[in-house]
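Summary of the model geometry
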Amino acid sequence: RAKDEGRARYCLHSAELDRKVHERVELTNDLRAALDNGEMELYYQPQVKLASGQIVGLEALLRWNHPQRGLLMPDGFIPIAEKTGSINALGHWVLDRACQQIKDWRDQGIAPPLVAINVSAAELYTNSGYEQFLSESFKRWDVAPGDIELELTESVLMETTQAHGDTLTRIRDLGASIAIDDFGTGYSSLAYLSAYPVSRLKIAQQFVLGIPDNASDMVITRVTLGLARELNVEVVAEGVQTKAQLDFLMSAGCTVGQGFYFSRPVQAGRVTELLRGGFIEPTVKCDENPAPN
Ligand code: C2E
Ligand code: MG
Ligand code: MG
Ligand code: MG
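Rules used throughout
Residues numbered from 1 in each chain as written. Chains lettered and ligands numbered in written order. Predicted model: local features only at pLDDT ≥ 70, side-chain atom pairs only at ≥ 80, totals over all residues. Heavy atoms only, no water. Donors = N, O, S within 2.8 Å, 3.2 Å for Na, K, Ca; no water. Helix = DSSP H or I, 4+ residues; strand = E, 2+ residues; numbered from the N terminus. Buried < 20%, exposed > 50% of the residue type's maximum accessible area, 1.4 Å probe, protein only. Near = heavy atom within 4 Å. Polar contact = N/O pair within 3.5 Å; in protein donor to acceptor, adjacent residues only side chain to side chain. Areas by Shrake-Rupley, 256 points an atom, 1.4 Å probe, with all protein chains shown as cover. Nonpolar A, V, L, I, M, F, W, Y, C, P; charged D, E, K, R; others polar. Salt bridge = Lys/Arg side-chain N within 4 Å of Asp/Glu carboxyl O. Contact = heavy atoms within 4.5 Å. Axes fitted to C-alpha atoms, helices over the stretch in contact; angles between N-to-C directions. Parallel < 35°, antiparallel > 145°, perpendicular 65-115°, else oblique. Left-handed = near helix turned anticlockwise from the far one by under 90°. Arc of directions from axis to C-beta.

The chain carries the name EAL domain-containing protein in an unreviewed UniProt entry, which gives Parvibaculum sedimenti as its organism.

**Details of the coordination of the magnesium ion (ligand 2)**
In this structure, Glu59 (OE), Asn118 (OD1), Glu151 (OE) and Asp181 (OD) serve as the protein donors to the magnesium ion (ligand 2), at separations of 2.0 to 2.2 Å. Sequence spacing of the donors to the magnesium ion (ligand 2): E-x58-N-x32-E-x29-D. A separation of 3.9 Å is found between the magnesium ion (ligand 2) and the magnesium ion (ligand 3), which are bridged by Asp181. Of this pair, Asn118 sits in strand β4 (residues 114-118) while Glu151 sits in strand β5 (residues 148-153), and the two are 33 residues apart along the sequence. By relative accessible area, Asn118 is classed as partly exposed at 29%. In this structure Glu151 comes out as buried when scored by relative accessible area, which is 2%.

**Digging into the site of ligand 1**
Near ligand 1, the surroundings consist of 25 residues, among which Arg63, Asn118, Ser120, Asp181 and Phe260 are the closest. Separating a nitrogen atom of ligand 1 from a side-chain N or O atom of Ser120 is a distance of 2.8 Å. Within the contact set of ligand 1, an oxygen atom lies 3.4 Å away from a side-chain nitrogen or oxygen of Glu238. Expressed as a share of its isolated accessible area of 800 Å², the protein-covered part of ligand 1 is 85%. Of all the secondary structure elements, the ones that give two or more residues to the shell around ligand 1 are β2 (55-66) and β6 (177-183). Looking at the shell around ligand 1 residue by residue, the classes come out as nine nonpolar, eight polar and eight charged.

**A word on the pattern of salt bridges**
Close approach of charged atoms lets side chains of opposite charge pair. Going through the model one piece at a time under the given rule, you end up with 15 salt bridges. Taking the shortest distance from any N to any O, the salt bridge between Lys202 and Glu59 comes out at 2.8 Å. Of this pair, Lys202 sits in strand β7 (residues 200-203) while Glu59 sits in strand β2, placing them 143 residues apart in sequence. Each of Glu16, Arg19, Lys20, Glu23, Glu26 and Arg69 takes part in a single network of salt bridges with overlapping partners.

**What about the environment of Leu72?**
The topology assignment puts Leu72 in strand β3 (residues 70-72). Judged by relative accessible area, Leu72 falls into the buried class, the value being 16%. Put simply, Leu72 and Leu190 are 118 residues apart on the chain and 34 Å apart in space, counted from C-alpha to C-alpha. Setting aside residues up to four positions removed in sequence, Leu72 forms contacts with Leu27, Arg63, Trp64, His66 and Phe77.

**Considering the packing of helix α3 (residues 86-107) against helix α5 (residues 130-140)**
Following both chains from N to C, one finds α3 and α5 inclined at 25°, their axes separated by 9 Å at the closest point. As far as their axial angle goes, α5 and α3 are roughly parallel. Between α3 and α5 lies a crossing of right-handed hand. Touching His92, Leu95, Asp96 and Cys99 of α3 are Tyr130, Phe133, Leu134, Ser137, Phe138 and Arg140, all from α5. By residue class, the composition of the contact of α3 with α5 is six nonpolar, two polar and two charged.

**Concerning the coordination of the magnesium ion (ligand 3)**
Within the first shell, the magnesium ion (ligand 3) binds the protein through Asp181 (OD), Asp182 (OD), Glu238 (OE) and Glu238 (OE), at distances of 2.1 to 2.4 Å. All donors of the magnesium ion (ligand 3) belong to a single chain; written as a sequence motif, their spacing is D-D-x55-E. By relative accessible area, Asp182 is classed as partly exposed at 29%.

**Description of helix α12 (residues 268-277)**
Taken residue by residue, α12 has Ala268, Val271, Thr272, Leu274 and Leu275 as its buried positions. Looking straight down α12, one finds that the buried residues subtend no more than 165° of arc, so they occupy a single side. For α12, exposure combined with an orientation more than 90 degrees from the buried face picks out Arg276 and Gly277. On its buried side, α12 packs onto β1 (40-49), β2 and α3. Downstream of α12 by one or two residues, Gly278 has phi in the positive range, about 85°.

So, in structure tokens, the structure goes:
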């Protein structure tokens, strides 16, 4: 009996595994054509001044409108793209599309805030020409390097060797700014702050989520804010979802936040409307009315 059960479990497990492997293979193949087929789209999530709701930044977040599977979130395909090499083409597209969007907004008479894009280690370091591509996109769309911020995670910085450090310095010299994403979730965060030309850090969502019930998350948030203040690095709190979190962050001296409380990531058309207003009305409360992401 035990043996049979073991075998049944094994079969189940192997069927599940088969399905996952199959899905990965399919997504890997689909990814190759996705860009050419126009299936990728950038959503934008506002970063706002906590005190006023003024929109001071936008984070570009990648979405894949898959013809069969529907809307796919980046966690479902970015890791595959990183392993299979598609990430370079994807990353170039993201950067170029964001620059084009900035130009579009300017053409419509809208002054866009800082636009942040996420960059993987693979994009930055497997391809020595990243900063060249940056300057090409800036030229192509008549965008100033200061309009764009690159969000790097601590794991990206962890893989940074001397040569890579030079890449970051060249990017900074171009005039693009660098933010550390998900701050506090990686290793030796403090060393990175002094070793690299970082202008902002983003307090990871996981700490903000713990406010106001988890004492250590609140301590970490406070200490991070103090550290950033001392080092003259700006802070964005990620994943702000409630009024209680907003109140705590403000009392701890945080000035800028991003999260469902203000706005979910939205399509370009919607963000254009938000930018025309310039502010996110504090009455737009996502906590009471959670919409699908
Ligand atoms: P991230 O850069 O840390 O982005 C923040 C994630 O948190 C986004 O998920 C966003 O939708 C989500 N988020 C924002 N506010 C809230 C909130 O209040 N509550 C909760 N629960 N979540 C919130 P998303 O869009 O699924 O992206 C996931 C990750 O995928 C990103 O994490 C980033 O690491 C990666 N990613 C997204 N776009 C790109 C891209 O263009 N290139 C690369 N290399 N990675 C990307
Ligand atoms: Mg990010
Ligand atoms: Mg983040
Ligand atoms: Mg993340």
